[in-house]
Amino acid sequence: MSYVYKTMKSPVGELTLVGSEGGLAAVLWEDDDPSRVRLGATNEDRTHPLLVQAQQQLEDYFAGKRRKFTVKLDPAGTDFQHKVWSALRTIPFGETRSYGEIADQIGSRKAVRAVGAANGRNPISIIVPCHRVIGADGKLTGFAGGLEVKAQLLALEGGAVSRGPRQLALDA
């Protein structure tokens, strides 16, 4: 499969948008671990319509004008990873879920660690909102963009984020 990419500046650093024939394949961080999301050869294309659309939607999100993304997605992963990533997309803007809650949602109650691993392999950061997943104790946990960026994204979505009936502070 061939991929095209473009970079964009954002409030959380430079992002690399990667697209395939099927849709957006990745949103990568400036200092992303190259082994986290493995893609084939990529060619730069700053005007590719899909990448331009993804950039516009991300810019709208950072400007507080967008809560949902509509760009077509094409992440590469296992069936289990796709289940987890689909569940992530159901977490409402400004809310969080624990890894255990995601495991319950996909019908794999005992697969909390596997859910964490799939969350960590999410290739489409921000758009597939893995930043909305927190530890069972309400603390911020691992994130490819770093915990400071995770806190920034959650703050952008509403300061203190709600998780069920209680409020969580972002100073984890």
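This report concerns the structure included in the present document. (Residues numbered from 1 in each chain as written. Predicted model: local features only at pLDDT ≥ 70, side-chain atom pairs only at ≥ 80, totals over all residues. Heavy atoms only, no water.)

Overview of the environment of Pro-123
Then comes step 1: Position of Pro-123 among the secondary structure elements: in the loop between α4 (112-120) and β6 (133-134).
Then comes step 2: Since its relative accessible area comes to 3%, Pro-123 is described here as buried.
Then comes step 3: Spatially, the C-alpha atoms of Pro-123 and Leu-28 are 7.1 Å apart, while their sequence positions differ by 95 residues.
Then comes step 4: With residues up to four places along the chain from it excluded, the contact list for Pro-123 reads Ala-25, Ala-26, Val-27, Leu-28, Arg-36, Val-37, Pro-75 and Trp-85. (Helix = DSSP H or I, 4+ residues; strand = E, 2+ residues; numbered from the N terminus. Buried < 20%, exposed > 50% of the residue type's maximum accessible area, 1.4 Å probe, protein only. Contact = heavy atoms within 4.5 Å.)

Remarks on the packing of aromatic side chains
Then comes step 1: For the coordinates displayed, the defined rule picks out four aromatic pairs.
Then comes step 2: Geometrically, the ring pair formed by Tyr-61 and Phe-62 is edge-to-face, given 5.4 Å between the ring centres and 70° between the ring planes. We note that Tyr-61, like Phe-62, is buried.
Then comes step 3: Ring centres of Tyr-61 and Phe-93 lie 6.4 Å apart, and the angle between their planes is 85°; on these two criteria the pair is classed as edge-to-face. Here Tyr-61 is found in helix α1 (residues 49-62), whereas its partner Phe-93 is found in the loop between α2 (79-88) and β5 (97-98), with 32 residues between them in sequence. (Phe/Tyr/Trp six-rings, centres within 6.5 Å; stacked < 30°, edge-to-face > 60°.)

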